[in-house]
Amino acid sequence: MFLKNSRYHGLPTVTAKDRAGTEVAAVKLRLLPIPAGDPVTVRAHDQLDTLSEQRYADATRYWHIADANSELEATSLLQPTGRPITIPRS
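Note that the coordinates shown come from a computational prediction; the quantities given were computed from them, not determined experimentally. (Residues numbered from 1 in each chain as written. Predicted model: local features only at pLDDT ≥ 70, side-chain atom pairs only at ≥ 80, totals over all residues. Heavy atoms only, no water.)

**Q** Teacher, can you tell me more about the pairing of strand S2 (residues 23-27) here?
**A** In regular strands, side chains alternate between the two faces of the sheet. The pairing of strand S1 (residues 13-17) with S2 spans 5 bridges and is classified as antiparallel. In the strand pairing of S2, Thr-15 is matched with Ala-25. Hairpin geometry of S1 and S2 is characterised by an intervening segment of 5 residues between the two adjacent antiparallel strands and by a positive phi of about 90 degrees at Gly-21. (Pairing = 2+ DSSP bridges. Helix = DSSP H or I, 4+ residues; strand = E, 2+ residues; numbered from the N terminus.)

Structural data, given as structure tokens:
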């Protein structure tokens, strides 16, 4: 289902039906350990990839920030402005 270099490769999957009744496969929801990190206050126009570039010198590691917080949708992390989020140290 996923490429071998995907972070989702090898994880358990579940099947469910979407609103149209079509059966779809998805990665089973998993609880992640809370990593050590630093609180950062969200500012207007922040983006996860730019925060990742600033912290890790790698914009593609934005998902580390998403996984360190409890939002199911990564874009929700940046709303509202002024809220604290955690950025992992490594």
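Text resumes after the structure shown.
**Q** Would you take a moment to explain the environment of Tyr-8 for this structure?
**A** Mapped onto the elements of the fold, Tyr-8 is located in the segment before S1. For Tyr-8, a relative accessible area of 28% corresponds to the partly exposed category. Residues Tyr-8 and Arg-83, spaced 75 residues apart in sequence, show a C-alpha to C-alpha distance of 29 Å. (Buried < 20%, exposed > 50% of the residue type's maximum accessible area, 1.4 Å probe, protein only.)

**Q** How should I be thinking about helix H1 (residues 48-56) in this particular structure?
**A** An α-helix turns once per 3.6 residues; consequently, residues spaced three or four apart project the same way. Taken residue by residue, H1 has Leu-48, Leu-51, Ser-52 and Tyr-56 as its buried positions. In an axial view of H1, the angular spread of the buried residues amounts to 100 degrees, which keeps them on one side of the axis. Elements that come into contact with the buried residues of H1 comprise helix H2 (62-67) and strand S4 (84-88). Just beyond H1, the residue with positive phi is Ala-57, at close to 60 degrees. (Arc of directions from axis to C-beta. Contact = heavy atoms within 4.5 Å.)

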